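Below are the chains, spelled out letter by letter.
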Amino acid sequence: MVRPLVEMLAIRRRFGGVRALSGVNLTVLPGEVHCLAGENGCGKSTLIKILSGVLAPDSGRIVLNGAEHARLTPAASQAAGVQIIYQDLSLFPNLTVEENIAFRRHVGRAGRLVRVGAMRSEAQAAMARLGVSLRLGALVRDLPIASRQLVAICRTLAADARLVVMDEPTASLTHQEADALLATIRGLRAHGIATVFVSHRLDDMMRVGDRVTVLRDGANAGTFAMGDLDRGRLGELISGRRLADAVKQPLSGSAPPALEVRSLSRGGEYEGINLAVRPGEILGLIGRLGSGRTELALTLFGMNRPEAGEILVRGRSVALDSNRAAIREGIGYVPEDRLSLGLVMPQSIAENTLVTVLGRLCGRLGLIDPQRRAETVARWMERLQVKTATAERPVMELSGGNQQRVVLAKWLATEPRVLILDSPTAGIDVGARAGLYRTMDELAALGLAILLISDEVEEVRHQAHRILVMLGGRIAGEYSPSGITDEQLREVIRA
Amino acid sequence: MRERLTSLGRSHEARLAVIVLAIAAFFAVEAPGFPTLANLMDLLEGRAVLAILAAGLLVVLIAGGIDISCAAVAAVSQYLVALCLIRWTGNWALALLLAAGFGAALGAVNALLIHALKAPPVIVTIATMTFYFSMLIFLTKGVSLYDLPDWFTVKVSILGVPLPVAMAAAVLGATAFLLRRVSLGRQIFGLGGNPEAARRMGCNVAGLQVFIYGFSGAMAGLAGLVQAYRVEEVAPSALIGRELDVLAAVVLGGASLTGGRGTVGGTVLGIVLLAMLHNGLTLMGVSSYLFGSVTGLLILLSLAATSVSQGRPQKGGRHAG
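Draft legend 1. Main features of the sheet that holds strand S4 (residues 59-64) of chain A. Residue and element names in this part refer to chain A. Within the open sheet, the four strands sit side by side as S2-S1-S4-S5. Their pairing is antiparallel. Every interior strand has two partners, whereas the edge strands, strand S2 (18-28) and strand S5 (67-68), have only one. Of the pairings in the sheet, the one linking strand S1 (residues 6-15) to S2 comprises eight bridges and is antiparallel in character. For Arg 13, the partnering residue across the bridge sits in S2 and is Leu 21. Packing of helix H1 (residues 44-52) onto the sheet brings it into contact with S1 and S2, and relative to S1 it is tilted by some 120°.

Draft legend 2. Representation of the sheet that holds strand S19 (residues 466-471) of chain A in the model. All names here are of chain A. Spatial strand order, S16-S17-S18-S13-S19-S20: six strands in an open sheet with mixed pairing. Sheet topology places strand S16 (331-334) and strand S20 (474-479) at the edges, where each strand pairs with a single neighbour. For this sheet, the mean angle separating the axes of adjacent strands, direction not counted, is 20°. Pairing between S19 and S20: five bridges, direction antiparallel. Counted as the bridge partner of Leu 468 is Glu 478 from S20. Along the sheet, helix H9 (residues 293-300) contacts strand S13 (282-286), S16, strand S17 (418-422), strand S18 (449-454) and S19; its crossing angle with S17, the most-contacted strand, is approximately 150°.

Draft legend 3. Seen up close, the pairing of S18(A). Residues and elements named next belong to chain A. Of all six residues that make up S18, six are buried, and the element is covered over most of its length. Residue alternation in S18 divides its side chains into two sets, Ala 449, Leu 451 and Ile 453 and Ile 450, Leu 452 and Ser 454, and both sets are buried. As paired elements, S13 and S18 share five bridges and run parallel to each other. When the bridges of S18 are listed, Ile 282 appears paired with Ile 450.

Draft legend 4. Main features of the packing of helix H4 (residues 48-62) of chain B against helix H13 (residues 242-252) of chain B. All names here are of chain B. The interhelical angle for the contact between H4 and H13, taken along N-to-C directions, is 65°, at an axis separation of 9 Å. Judged by the sense of rotation from one axis to the other, the crossing of H4 with H13 is right-handed. Note on element contacts: H13 touches H4 through Asp 245, Val 246, Leu 247, Ala 249 and Val 250, opposite Leu 50, Leu 53, Ala 54, Leu 57, Leu 58 and Leu 61. Partitioned by chemical class, the residues of the contact of H4 with H13 number ten nonpolar, no polar and one charged.

Draft legend 5. Looking closely at the nonpolar core. Counting residues in hydrophobic clusters, the biggest one holds 172 residues, and the most contacted among them are Ile52(B), Leu53(B), Ala54(B) and Leu222(B). With 15 residues, helix H12 (residues 205-231) of chain B is the single largest residue contributor to this core. Excluding anything up to four places from it in sequence, Leu53(B) contacts Cys70(B), Ala71(B), Ala74(B), Met219(B), Ala220(B), Ala223(B) and Val246(B). Among the nonpolar cores identified, the runner-up in size contains 66 residues, and Val334(A), Met381(A), Leu443(A) and Ala449(A) belong to it.

Rules of the game
- Residues numbered from 1 in each chain as written.
- Chains lettered and ligands numbered in written order.
- Predicted model: local features only at pLDDT ≥ 70, side-chain atom pairs only at ≥ 80, totals over all residues.
- Pairing = 2+ DSSP bridges.
- Helix = DSSP H or I, 4+ residues; strand = E, 2+ residues; numbered from the N terminus.
- Contact = placed C-beta atoms within 7 Å.
- Axes fitted to C-alpha atoms, helices over the stretch in contact; angles between N-to-C directions.
- Buried ≥ 20, exposed ≤ 12 C-beta atoms within 10 Å, placed from the backbone.
- Left-handed = near helix turned anticlockwise from the far one by under 90°.
- Nonpolar A, V, L, I, M, F, W, Y, C, P; charged D, E, K, R; others polar.
- Core = buried A, V, L, I, M, F, W, Y, C linked by C-beta atoms within 7 Å.

And the structure:
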């Protein structure tokens, strides 16, 4: 039996009256990829903070490399080879790649002279170990997010990491970039460096993990060898409930479409698109990044004009030359990048929810009626189960899942007839996902036509009544969810 | 090499240098008396105080802070040093030490307040500026000091360079060395670029801030001393309002008000540009009331140029990875 790199035993921690961790165990072996899974608020971040020495547990034992630490400090944690890569990466955007990688040289030795050569060779050595090549003199702010992540990993290597903890590393990456990152993590394993991989993405965990520890409500739901689990079982362990496995059947009847598109084209983005979505229907549009799915969605929301073709709303041809025009026609859009497109982060939940409907809340004199404002907000907070004490909290303080619900509330408040959802569950946890799926079904049952755009096979196959596959800007096929398996669908979109 | 050249062409400093040369050429033709060595030295000497203040402010801006109180700190420490010199005569070494010491102490107060109150530096340093200037005028009743020691009023030059210019050059050189070649300087850039990351990497943020504001204060103290040397008197109100000239020069030189960016070279160019403009316009007989508008326009132009060049995606970094 190898000696564990990290042993955390019966860790307990309370914050005021709230019990964040009630006796959690985590054992990480040298060189393994250990996934840490759990819903928001299950105690993952608290556990990581305790491991980093930033936060002290109320009770429990921490053993690093066989040495017990009664009071683990950040310095002791780092000395034991534990390096944390936070979700924001904590890089210096104004410094170069090599300066970032070798930054630790400057800390604690303020008077030392900068040795450019030593800094460079340190950075090069770290990149060589990781098998990547970045321009050493490039400023980090000019790098794409995936390269920044590599810089952050190199920095941990330069600090002699034996364990790299990555908090949601794939959340902000495209699928191709995530693939590359997973390969990098396997590379770390080959060098004997262990990884704790904290994630919401079941697929990523399944693909890279050797073992997984699942936390639920501040307690262990168990530690498993990844090979013993399948995706569904892992999802169940995380959420503590069984995810629906049923698929929907295409709607019967011949109701006229709420939104129809005929031979829509826009140079270099999409071509000859025909689709129709009926009231009460969830139409899945699946395609990988770059397939033109988002560009099409933006056109349907009036954000960029098509070069040819026709858009019909309830059988009437319309020119959607602005998003205001789209909103007037009853089209709502929840963007893929909810952070940059959907919300004004420092403003309150209420402000964000109401921004699309301010006009309707006006009483006499054109002033906003406070009562109508409060009613509208309360209605949607309740319907969408946004967990918050007050709707006056800034949106940026909410979790990803709750932010997504506020975006949804914002569009539902316009009472649209067509709702376009672009990758609605990217980066949110399994439980919040289930909630969103339920909401989506309810909305469809109320007669809303929903266009669900996603690159997640399971999501589209389980949520949609019909599936359109988009490939290279064209509709490559239509499927009924029961007529195709997840695996077949995965093959189709990779073609 | 090509990479280095294109990055030079992109840099704020390079653009600024071109503008400085163009304006110099313009005045050389248009303003009689501009291109003489005497005028050049005069021009530099007139800006030495500003340059020393700018060195301090540059470091603060790079670290993501701001120090509006620098001119007030200069005025207070100038007065304190003058009182000491009048009482004990002293010598240059003592004067420099006292000036830097008083200034550093007053500057460190800013850091402690910012840290203790968790308040924005701009508010704290406006408050200390107002307080320092007001107390100075109140306690001195606005009385200027003239009876400075004789050794202090003798004009010194080092290798033909007047003392204020030599001091400014030394201070700017030392600042450049600190920023580029010392670990502390890298930490200051890191702090300005991402304070949270600096904290997580183990930087002593409170200590860094005491250093940064203390450094700015020390520079202000030296600037005050040089100013007293130039005019051979200490007037409590002499430096009121100078902080904005300093800020203008540093920002014109490419330092970012949001932190993490700025160079000594750029700052020098910013100072020279403003100095040349004022000097050249004076020689051409343009009303001095217009200088302020010229300065304001220049700063706006500089900001516009920076935002345009940053708005373009820089392809260079994309090839990495």
